[in-house]
Number of protein chains: 2
Amino acid sequence: MSKFLSPEAARLAPYTPGEQPRDQQYIKLNTNESPFPPSPRVLEAVSREEVERLYLYSDPTCAGLNAAIARRYGLTSENVITGNGSDEILAFAFRAFCGEGKGAAFADITYGFYEAQAALFGLEARRVPLREDFSLQVEDYRDFPGTVVIANPNAPTGMAVPVSDIRWLLEENPERVVIVDEAYVDFGAESCVPLLAEHGNLLVTQTMSKSRSLAGGRIGFALGSRELIADLNRVKYSFNPYNVNRLSLLAGAAAMEDENYFRSCCRAIRENRAWTVEALEKRGFAVLPSSANFIFTKSGRLPGGELYRRLKEQGILVRWFGKDRIRDYVRITIGSREQMEALAETVDRLLAGA
Amino acid sequence: MSKFLSPEAARLAPYTPGEQPRDQQYIKLNTNESPFPPSPRVLEAVSREEVERLYLYSDPTCAGLNAAIARRYGLTSENVITGNGSDEILAFAFRAFCGEGKGAAFADITYGFYEAQAALFGLEARRVPLREDFSLQVEDYRDFPGTVVIANPNAPTGMAVPVSDIRWLLEENPERVVIVDEAYVDFGAESCVPLLAEHGNLLVTQTMSKSRSLAGGRIGFALGSRELIADLNRVKYSFNPYNVNRLSLLAGAAAMEDENYFRSCCRAIRENRAWTVEALEKRGFAVLPSSANFIFTKSGRLPGGELYRRLKEQGILVRWFGKDRIRDYVRITIGSREQMEALAETVDRLLAGA
């Protein structure tokens, strides 16, 4: 920290991303990436000719990509904004809809980035505790006057909120924006996208980092009314008009158009998740009901931090959050069947020695 | 604009980027792109194998790219931060070093984005008029208590500030950050990078969009003391930890390592600039002295807006800013020799008809 840091920046709460080791080969089950490569259409789209054209700016309106996303969801391009990952989109939303006296509410246990971004804009952040069983009850947000952010399914628990609950929340206070972060929705939760037609206060964010196998391309998007999207563009053009690079625009559109590949990847993850839950429960683990491409689980015998460290020693990276309420748990990304079998075998070894 | 827009967002001043037409072939001299493709090493680096690995997140620390940049400038990686274009880096700097009672000062005629970003963080912005001849005099910034931003060379004028002047400004008030935006420095201005060793209050920003032919890759960076860079990382990890995508990390490092290609591109631009200045002066144009890959020029016979429109009708895009003081001028990017010859011929036709 320098002596030049502003008090506003000193109050920030920077996010700590999961380990991205460069020096060693791990079975990487810690940052919820897909175990599958991107669609073959992405490989075609990012051609040598397109790399040669990198001397030209990308399209700031992201027209081609937004059109592909709109087609997929039965919307128009004016209902779509694309960002440099959904993190950027979320920041735009915090700036667009929150401010002095209009804070943001989100769960006490959820994606850590909401907290970081609320601090970035100096917002009042209300952390609403999940219930004892880690369920999110929408009535707990009924009286909050600012913007509500709900990750559905939630991270790191993996648990989903019924769309009927979110509809109730949207109708309860139509003067307030509800952001539903559907980063993991494609792995089994119900999407709120069909609610967009009736609810002008709903913003749905999604990402291509998980179900579209493009974490390294940094592509996220939001779907909402034309007016909400215009508000987000207002922030984008105050922050970074050329926010998505040329190759990611192409990769994203190609991935969005390959529905069959997308479905087969999601199906494989759901099957591997079912296999993994069964394997871990057999070994005495408790696993929260997951609709995501990860599970949140605790061993009856090893504390969370200990399990994380021992797995890492054995070459398997999972994520442990040393935080109240979830100290006993680790979050494990669902990878390929081979990776999950390796996990189960490693757990056997660890428990034999525990 | 929706009814949900916060008053803070309503006060934003979004930037209007130059036209990026998708529907027609223009000679594009309006957004200061390089006319040359990226280095052949970039084509090698963005391989099919790397596209296949897009399912993995990019390295949030940008270690490989930062190391390549540091080597090029004789610094260490701790003196470097990379962003999704230098626009993102500038936003990080505004958030890190400015705030309540600590605004930003910049020229009245300069890169329009400083204004947009100052508004993004609700900062007091002091616009310091350039002198009558469009020169920037550093003594005009002596008493400003906040952060000073100087584009060197300036846009859209192309005019450079001597490094000795900037050194004076750094020494005049060591309690204040001076940001020198060197987006265009490689085309003939003197860089402030050598001042970094002695001046902890200097932050230099650069981009790979111009001299490295990677506008579509969105790669900018800042160079500064380890402490200033740590401050910028504090903001980055509050906004978007994975801010540079995998392929741009590779492309940027490859471009940075090809010094010969870089030099030959910059040399060609300087030669084409000299040719263009001479050609336009012969045709009665006044051209400001440019150290950039563009020139700022006025015809004695056609108003700026008229020149812009007529060139566009003839298939040549340049940039016109309909703003006080510079209404008579257009900004013309220096492209390939063929492009500049086409410009000269088109000007001949327009003047014959004027």
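Residues numbered from 1 in each chain as written. Chains lettered and ligands numbered in written order. Predicted model: local features only at pLDDT ≥ 70, side-chain atom pairs only at ≥ 80, totals over all residues. Heavy atoms only, no water.

A few words on the side chain of D186 of chain B. All names here are of chain B. Within the secondary structure, D186 sits in the loop between strand 6 (178-181) and strand 7 (202-207). Although D186 lies buried, it forms no salt bridge, and the closest oppositely charged side chain, R212, sits 5.1 Å away as judged by the N-O distance. In this structure the side chain of D186 is engaged in a polar contact, spanning 2.5 Å, whose partner is the side chain of S211. Those residues in contact with D186 that lie beyond four places of it in its chain are Q206, S211, F262, C266 and R270. (Helix = DSSP H or I, 4+ residues; strand = E, 2+ residues; numbered from the N terminus. Buried < 20%, exposed > 50% of the residue type's maximum accessible area, 1.4 Å probe, protein only. Lys, Arg positive; Asp, Glu negative; His and termini not counted. Salt bridge = Lys/Arg side-chain N within 4 Å of Asp/Glu carboxyl O. Polar contact = N/O pair within 3.5 Å; in protein donor to acceptor, adjacent residues only side chain to side chain. Contact = heavy atoms within 4.5 Å.)

The transformation that overlays chain A on chain B combines an axial shift of 0.0 Å with a rotation of 180 degrees, and the residual RMSD is 0.0 Å. In short, the pair behaves as if placed about a two-fold rotation axis. Interface overlap between copies: 100% of the residues of chain A at the interface are likewise at the interface in chain B, consistent with a symmetric, same-surface contact. (Least-squares fit on C-alpha atoms with pLDDT ≥ 70 in both.)

Let us look at the packing of helix 10 (residues 259-282) of chain B against helix 12 (residues 337-353) of chain B. Residue and element names in this part refer to chain B. Relative to each other, helix 10 and helix 12 sit at 10 degrees, their axes nearing to 10 Å. In this view, helix 10 runs roughly parallel relative to helix 12, as classed from their interaxial angle. Of the residues in helix 12, those touching helix 10 at E271, N272, W275, T276, A279 and L280 are R337, M340, E341, L343, A344 and V347. (Axes fitted to C-alpha atoms, helices over the stretch in contact; angles between N-to-C directions. Parallel < 35°, antiparallel > 145°, perpendicular 65-115°, else oblique.)

One pass over the full model with this rule turns up 6 cavities of 30 Å³ or more. When its volume is computed, the largest cavity comes out at roughly 80 Å³. Lining of the largest cavity is provided by A91, F92, L120, F121, V235 and F239 of chain A together with A91, F92, L120, F121, V235 and F239 of chain B. Counting residues per element, the ones that place at least two in the lining of the largest cavity are helix 5 (86-97) and helix 8 (226-239) of chain A together with helix 5 (86-97) and helix 8 (226-239) of chain B. Classifying every residue of the lining of the largest cavity by side-chain character gives 12 nonpolar, no polar and no charged. The volume enclosed by the second largest cavity comes to roughly 60 Å³. (1 Å grid on protein atoms, 1.4 Å probe; cavity = no way out; pocket = protein on both sides within 12 Å on 5 of 7 lines; lining within 4 Å. Points joined across faces, edges and corners; volume = space filled by probe spheres on them. Nonpolar A, V, L, I, M, F, W, Y, C, P; charged D, E, K, R; others polar.)

With that settled, consider the pairing of strand 3 (residues 104-107) of chain A. All names here are of chain A. Pairing of strand 3 with strand 4 (residues 125-128) involves 4 bridges; the strand directions are parallel. Within the sheet, the bridge partner assigned to F106 lies in strand 4 and is R127. At this point the chain moves from strand 3, through helix 6 (residues 113-120), to the parallel strand 4, and the crossover so formed is right-handed. (Pairing = 2+ DSSP bridges. Right-handed = clockwise from strand over helix to strand, strands pointing away.)

Another aspect to go through is helix 10 of chain B. Residues and elements named next belong to chain B. With 24 residues, helix 10 extends 35 Å between its outermost C-alpha atoms, agreeing within 8% with the 34 Å of an ideal straight helix rising 1.5 Å per residue. Of the residues making up helix 10, those classed as buried are E259, F262, C265, C266, A268, I269, N272, R273, T276, V277, A279 and L280. Those residues of helix 10 hidden inside the fold are in contact with helix 4 (63-73), helix 9 (246-257), strand 9 (285-287), strand 10 (294-299), strand 12 (330-333) and helix 12. Where helix 10 ends, the next residue or the one after it, G284, has phi of about 90 degrees, a positive value. (Expected span 1.5 Å × (residues − 1).)

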